[in-house]
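# Understanding the architecture of this molecule
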Amino acid sequence: MLTITPLHPCLAAEVTGLDLVGGPNDQDFEAIRAAFDAYSVLVYRDQDITDVEQIRFTERFGPLEGTKVGTPGAGSPLAMISNLGPDREIVPPDHRQIINGRANGVWHADSSFKPVPAWASMLSGRIIARTGGNTEFASMRAAYKDLPEHLKTAVEGRIAIHHYAYGRDKLDLNLITDVERELLPPVRQALVLNRGSLGKSLYIGAHTARIEGMAEDQGSALIEELKAFATQRRYVYSHVWRPHDLVMWDNLAVVHRAMVYDDTREKRHMVRTTLAGWPTIPVS
Ligand code: OGA
Ligand code: MN
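With that out of the way, let us pick up the coordination of the manganese ion (ligand 2). Around the manganese ion (ligand 2), the protein contributes the donor atoms His108 (NE2), Asp110 (OD) and His256 (NE2), which lie 2.1 to 2.2 Å from the metal centre. Of note, the manganese ion (ligand 2) draws all its donor residues from one chain, in the sequence arrangement H-x1-D-x145-H. For the residue pair histidine 108 and aspartate 110, the accessibility class agrees, reading buried in each case.

Right, here's the structure in full:
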(Lines give C-alpha, C1' and ligand atoms only; values in the text may rest on other atoms or scores of the structure.)
(Ligands and ions follow the chains in the order given, each with its own letter.)
Protein backbone atom coordinates (compact mmCIF):
# COMPACT_ATOMS: atom_id res chain seq x y z
CA MET A 1 0.00 0.00 0.00
CA LEU A 2 1.24 3.49 -0.84
CA THR A 3 1.94 5.68 2.16
CA ILE A 4 3.20 9.24 2.34
CA THR A 5 4.98 10.37 5.50
CA PRO A 6 6.05 14.00 6.02
CA LEU A 7 9.74 14.47 6.89
CA HIS A 8 9.78 18.14 7.92
CA PRO A 9 7.19 20.78 8.94
CA CYS A 10 7.68 22.85 5.73
CA LEU A 11 8.54 20.39 2.95
CA ALA A 12 9.53 16.84 1.97
CA ALA A 13 7.80 13.50 2.44
CA GLU A 14 8.79 9.86 2.11
CA VAL A 15 6.82 7.61 -0.20
CA THR A 16 6.69 3.90 0.64
CA GLY A 17 4.94 1.00 -1.04
CA LEU A 18 5.68 2.22 -4.54
CA ASP A 19 6.35 -0.23 -7.35
CA LEU A 20 8.50 2.11 -9.40
CA VAL A 21 9.83 -0.48 -11.84
CA GLY A 22 6.46 -2.11 -12.53
CA GLY A 23 5.06 1.41 -12.78
CA PRO A 24 2.54 2.76 -10.26
CA ASN A 25 -1.12 2.27 -11.14
CA ASP A 26 -3.10 5.40 -12.02
CA GLN A 27 -4.51 5.80 -8.53
CA ASP A 28 -1.09 5.58 -6.88
CA PHE A 29 0.37 7.90 -9.48
CA GLU A 30 -2.32 10.50 -8.74
CA ALA A 31 -1.52 10.24 -5.02
CA ILE A 32 2.19 10.78 -5.71
CA ARG A 33 1.48 13.66 -8.03
CA ALA A 34 -0.68 15.38 -5.38
CA ALA A 35 1.94 14.70 -2.69
CA PHE A 36 4.59 16.25 -4.90
CA ASP A 37 2.57 19.44 -5.19
CA ALA A 38 1.99 19.45 -1.45
CA TYR A 39 5.53 18.60 -0.23
CA SER A 40 7.85 19.79 -3.06
CA VAL A 41 10.36 17.03 -2.24
CA LEU A 42 9.61 13.29 -2.34
CA VAL A 43 11.95 10.55 -1.15
CA TYR A 44 11.65 6.98 -2.41
CA ARG A 45 13.99 4.53 -0.63
CA ASP A 46 15.51 1.27 -1.93
CA GLN A 47 14.97 1.92 -5.65
CA ASP A 48 17.76 -0.04 -7.31
CA ILE A 49 16.86 1.15 -10.81
CA THR A 50 18.48 1.29 -14.23
CA ASP A 51 18.76 4.46 -16.31
CA VAL A 52 15.92 3.27 -18.52
CA GLU A 53 13.66 2.60 -15.53
CA GLN A 54 14.47 6.04 -14.14
CA ILE A 55 13.64 7.71 -17.45
CA ARG A 56 10.39 5.77 -17.76
CA PHE A 57 9.24 6.71 -14.24
CA THR A 58 10.21 10.37 -14.73
CA GLU A 59 8.29 10.50 -17.99
CA ARG A 60 5.07 9.63 -16.16
CA PHE A 61 5.16 13.24 -14.91
CA GLY A 62 5.75 14.95 -18.26
CA PRO A 63 8.33 15.71 -20.94
CA LEU A 64 12.00 15.57 -20.00
CA GLU A 65 14.61 18.25 -20.54
CA GLY A 66 17.85 17.51 -22.41
CA THR A 67 21.10 17.79 -20.46
CA LYS A 68 23.03 20.98 -21.25
CA VAL A 69 26.40 21.14 -22.95
CA GLY A 70 29.38 20.64 -20.68
CA THR A 71 27.72 18.17 -18.27
CA PRO A 72 28.32 14.40 -18.48
CA GLY A 73 25.23 13.08 -20.28
CA ALA A 74 24.92 16.20 -22.50
CA GLY A 75 22.30 15.88 -25.21
CA SER A 76 20.61 12.92 -23.46
CA PRO A 77 17.89 12.95 -20.77
CA LEU A 78 20.46 11.89 -18.15
CA ALA A 79 22.86 14.08 -16.20
CA MET A 80 25.63 12.42 -14.23
CA ILE A 81 26.53 14.19 -11.00
CA SER A 82 29.61 12.17 -10.28
CA ASN A 83 33.26 12.25 -9.39
CA LEU A 84 33.91 9.10 -11.43
CA GLY A 85 35.43 8.94 -14.90
CA PRO A 86 34.56 6.46 -17.65
CA ASP A 87 36.86 3.92 -15.95
CA ARG A 88 34.70 4.24 -12.77
CA GLU A 89 37.68 5.61 -10.84
CA ILE A 90 37.78 9.04 -9.16
CA VAL A 91 38.87 11.77 -11.57
CA PRO A 92 41.88 14.03 -10.73
CA PRO A 93 41.32 16.79 -8.12
CA ASP A 94 41.37 19.62 -10.69
CA HIS A 95 38.88 17.89 -13.01
CA ARG A 96 35.75 19.78 -14.10
CA GLN A 97 33.54 17.10 -12.52
CA ILE A 98 35.08 17.79 -9.11
CA ILE A 99 34.77 21.57 -9.45
CA ASN A 100 31.24 21.38 -10.84
CA GLY A 101 30.27 19.02 -8.03
CA ARG A 102 31.46 21.66 -5.56
CA ALA A 103 29.60 24.36 -7.49
CA ASN A 104 26.43 22.41 -6.67
CA GLY A 105 27.17 23.36 -3.08
CA VAL A 106 25.71 26.81 -3.70
CA TRP A 107 21.91 27.04 -3.29
CA HIS A 108 20.32 26.84 -6.73
CA ALA A 109 17.33 25.83 -8.83
CA ASP A 110 18.23 23.48 -11.70
CA SER A 111 18.27 25.06 -15.16
CA SER A 112 17.01 28.45 -13.97
CA PHE A 113 19.51 29.77 -16.54
CA LYS A 114 17.52 28.25 -19.42
CA PRO A 115 14.71 30.21 -21.14
CA VAL A 116 12.39 27.36 -20.12
CA PRO A 117 13.68 26.32 -16.71
CA ALA A 118 13.36 22.88 -15.13
CA TRP A 119 10.25 21.92 -13.20
CA ALA A 120 11.32 18.80 -11.33
CA SER A 121 14.57 16.88 -10.93
CA MET A 122 14.93 13.22 -9.92
CA LEU A 123 18.25 12.19 -8.46
CA SER A 124 19.17 8.55 -7.98
CA GLY A 125 21.95 7.76 -5.52
CA ARG A 126 23.81 4.97 -7.29
CA ILE A 127 27.01 5.27 -5.23
CA ILE A 128 26.98 7.50 -2.16
CA ALA A 129 29.74 8.84 0.05
CA ARG A 130 30.21 7.12 3.43
CA THR A 131 30.12 10.47 5.19
CA GLY A 132 28.91 13.89 4.07
CA GLY A 133 27.33 14.54 0.71
CA ASN A 134 23.85 15.31 2.02
CA THR A 135 21.57 17.20 -0.32
CA GLU A 136 19.71 20.09 1.31
CA PHE A 137 16.42 21.62 0.20
CA ALA A 138 14.94 24.96 1.26
CA SER A 139 11.26 25.73 0.80
CA MET A 140 10.88 28.89 -1.26
CA ARG A 141 7.15 28.67 -0.69
CA ALA A 142 7.31 28.68 3.11
CA ALA A 143 9.94 31.42 2.94
CA TYR A 144 7.81 33.57 0.65
CA LYS A 145 4.85 33.24 2.99
CA ASP A 146 6.96 34.46 5.93
CA LEU A 147 8.74 37.28 4.07
CA PRO A 148 8.66 40.60 5.95
CA GLU A 149 6.34 43.12 4.28
CA HIS A 150 9.18 45.32 2.98
CA LEU A 151 10.68 42.34 1.13
CA LYS A 152 7.30 41.24 -0.24
CA THR A 153 6.88 44.72 -1.66
CA ALA A 154 10.44 44.78 -3.03
CA VAL A 155 10.01 41.52 -4.99
CA GLU A 156 6.48 41.99 -6.28
CA GLY A 157 6.32 41.97 -10.08
CA ARG A 158 10.12 41.99 -10.43
CA ILE A 159 12.13 40.22 -13.13
CA ALA A 160 15.53 38.69 -12.35
CA ILE A 161 18.31 37.95 -14.82
CA HIS A 162 19.68 34.42 -14.52
CA HIS A 163 22.99 33.54 -16.12
CA TYR A 164 24.93 30.27 -15.94
CA ALA A 165 28.30 32.02 -16.25
CA TYR A 166 27.51 34.36 -13.33
CA GLY A 167 27.62 31.77 -10.55
CA ARG A 168 30.37 29.65 -12.11
CA ASP A 169 32.67 32.64 -12.76
CA LYS A 170 32.41 33.59 -9.09
CA LEU A 171 33.99 30.24 -8.19
CA ASP A 172 36.56 29.82 -10.95
CA LEU A 173 36.94 31.89 -14.12
CA ASN A 174 38.28 28.89 -16.04
CA LEU A 175 35.44 26.58 -15.07
CA ILE A 176 33.04 27.09 -17.93
CA THR A 177 33.90 26.53 -21.56
CA ASP A 178 33.46 28.98 -24.45
CA VAL A 179 30.70 26.73 -25.77
CA GLU A 180 28.79 26.95 -22.47
CA ARG A 181 29.28 30.72 -22.44
CA GLU A 182 27.96 31.02 -25.97
CA LEU A 183 25.04 28.62 -25.71
CA LEU A 184 23.82 29.78 -22.29
CA PRO A 185 23.23 33.56 -22.51
CA PRO A 186 21.42 35.49 -19.73
CA VAL A 187 17.65 34.91 -19.45
CA ARG A 188 14.77 36.70 -17.71
CA GLN A 189 12.78 34.93 -14.98
CA ALA A 190 10.04 36.08 -12.63
CA LEU A 191 11.40 36.72 -9.13
CA VAL A 192 8.16 35.47 -7.60
CA LEU A 193 6.39 32.46 -9.08
CA ASN A 194 2.65 32.29 -8.71
CA ARG A 195 1.43 28.70 -8.88
CA GLY A 196 -2.24 29.52 -8.22
CA SER A 197 -3.64 27.16 -5.57
CA LEU A 198 -0.09 26.01 -4.72
CA GLY A 199 0.81 29.52 -3.65
CA LYS A 200 3.70 31.82 -4.44
CA SER A 201 7.40 31.13 -4.10
CA LEU A 202 10.67 32.99 -4.48
CA TYR A 203 12.72 32.07 -7.53
CA ILE A 204 16.36 32.79 -6.77
CA GLY A 205 19.67 30.94 -6.55
CA ALA A 206 23.25 30.67 -7.74
CA HIS A 207 22.37 31.69 -11.29
CA THR A 208 20.51 34.88 -10.27
CA ALA A 209 22.83 37.62 -11.50
CA ARG A 210 20.80 40.80 -11.05
CA ILE A 211 17.36 42.35 -10.85
CA GLU A 212 16.02 44.10 -13.89
CA GLY A 213 15.50 47.84 -13.39
CA MET A 214 17.61 47.99 -10.22
CA ALA A 215 21.16 49.27 -9.87
CA GLU A 216 23.69 46.44 -9.75
CA ASP A 217 24.63 46.84 -6.07
CA GLN A 218 21.05 47.42 -4.96
CA GLY A 219 19.93 44.30 -6.84
CA SER A 220 22.74 42.19 -5.38
CA ALA A 221 21.91 43.40 -1.89
CA LEU A 222 18.27 42.41 -2.39
CA ILE A 223 19.20 38.97 -3.77
CA GLU A 224 21.53 38.35 -0.82
CA GLU A 225 18.92 39.46 1.70
CA LEU A 226 16.32 37.16 0.11
CA LYS A 227 18.72 34.21 0.03
CA ALA A 228 19.72 34.70 3.66
CA PHE A 229 16.08 34.87 4.73
CA ALA A 230 14.85 31.97 2.59
CA THR A 231 17.57 29.49 3.52
CA GLN A 232 17.24 29.77 7.30
CA ARG A 233 17.38 26.33 8.93
CA ARG A 234 13.66 26.29 9.67
CA TYR A 235 12.95 26.10 5.91
CA VAL A 236 15.55 23.39 5.22
CA TYR A 237 15.23 19.62 4.88
CA SER A 238 18.63 17.90 4.78
CA HIS A 239 18.59 14.56 2.99
CA VAL A 240 20.97 11.90 4.30
CA TRP A 241 21.49 9.51 1.39
CA ARG A 242 21.21 5.77 1.55
CA PRO A 243 22.25 3.72 -1.48
CA HIS A 244 19.48 3.58 -4.09
CA ASP A 245 17.46 6.48 -2.73
CA LEU A 246 15.57 8.33 -5.41
CA VAL A 247 14.81 11.94 -4.48
CA MET A 248 12.55 14.16 -6.52
CA TRP A 249 12.22 17.92 -6.04
CA ASP A 250 10.29 20.83 -7.51
CA ASN A 251 12.78 23.46 -8.69
CA LEU A 252 9.96 25.99 -8.86
CA ALA A 253 9.28 25.54 -5.14
CA VAL A 254 12.66 24.77 -3.52
CA VAL A 255 16.34 25.56 -3.91
CA HIS A 256 18.88 22.83 -3.19
CA ARG A 257 22.59 22.34 -2.62
CA ALA A 258 25.11 19.52 -2.29
CA MET A 259 26.98 19.35 1.00
CA VAL A 260 30.71 18.60 1.07
CA TYR A 261 32.20 15.13 1.16
CA ASP A 262 35.73 13.86 0.57
CA ASP A 263 35.38 14.15 -3.20
CA THR A 264 38.98 13.31 -4.09
CA ARG A 265 38.90 10.06 -2.06
CA GLU A 266 35.30 8.85 -1.80
CA LYS A 267 33.22 7.78 -4.76
CA ARG A 268 29.85 9.44 -5.30
CA HIS A 269 27.80 8.77 -8.41
CA MET A 270 24.30 10.18 -8.90
CA VAL A 271 22.11 10.07 -11.96
CA ARG A 272 19.60 12.83 -12.63
CA THR A 273 16.58 13.02 -14.89
CA THR A 274 14.94 16.41 -15.27
CA LEU A 275 11.41 17.43 -16.17
CA ALA A 276 10.99 20.45 -18.39
CA GLY A 277 9.17 23.40 -16.87
CA TRP A 278 7.42 26.37 -18.47
CA PRO A 279 8.20 30.08 -18.97
CA THR A 280 8.06 31.90 -15.62
CA ILE A 281 7.01 35.26 -17.03
CA PRO A 282 3.34 35.38 -17.97
CA VAL A 283 2.85 36.39 -21.60
CA SER A 284 0.88 39.62 -21.54
C1 OGA B 1 21.68 18.14 -8.93
C2 OGA B 1 22.36 18.59 -7.69
C3 OGA B 1 23.12 17.85 -5.55
C4 OGA B 1 23.85 16.69 -4.99
O5 OGA B 1 21.72 16.93 -9.21
O6 OGA B 1 21.05 18.96 -9.59
O7 OGA B 1 22.42 19.77 -7.46
O8 OGA B 1 23.82 16.53 -3.75
N9 OGA B 1 22.78 17.62 -6.89
O10 OGA B 1 24.47 15.95 -5.77
MN1 MN C 1 21.17 20.89 -8.89
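The subject of this paragraph is the sheet that holds strand β7 (residues 159–162). In spatial order, the strands read β8-β7-β11; together these three strands make up an open sheet with antiparallel pairing. The strands lining the two open edges of the sheet, one partner per strand, are β8 (187–190) and β11 (208–211). On average, adjacent strands in this sheet sit at an angle of 40 degrees to one another, irrespective of strand direction. Judged from the three bridges that link them, β7 and β11 form a sheet pairing that is antiparallel. When the sheet's bridge partners are listed, isoleucine 161 is paired in β11 with arginine 210.

A few words now on the pattern of salt bridges. Counting across every chain of the model gives 20 salt bridges. With a shortest N-O distance of 3.1 Å, aspartate 250 and arginine 195 are connected by a salt bridge. Residue aspartate 250 is located in strand β13 (residues 246–250), and its partner arginine 195 is located in the loop between β9 (192–194) and β10 (200–202); the two are separated by 55 residues in the primary sequence. By the burial criterion, aspartate 250 is buried, and arginine 195 matches it.

Conventions adopted
- Residues numbered from 1 in each chain as written.
- Chains lettered and ligands numbered in written order.
- Predicted model: local features only at pLDDT ≥ 70, side-chain atom pairs only at ≥ 80, totals over all residues.
- Heavy atoms only, no water.
- Donors = N, O, S within 2.8 Å, 3.2 Å for Na, K, Ca; no water.
- Buried < 20%, exposed > 50% of the residue type's maximum accessible area, 1.4 Å probe, protein only.
- Pairing = 2+ DSSP bridges.
- Helix = DSSP H or I, 4+ residues; strand = E, 2+ residues; numbered from the N terminus.
- Axes fitted to C-alpha atoms, helices over the stretch in contact; angles between N-to-C directions.
- Salt bridge = Lys/Arg side-chain N within 4 Å of Asp/Glu carboxyl O.

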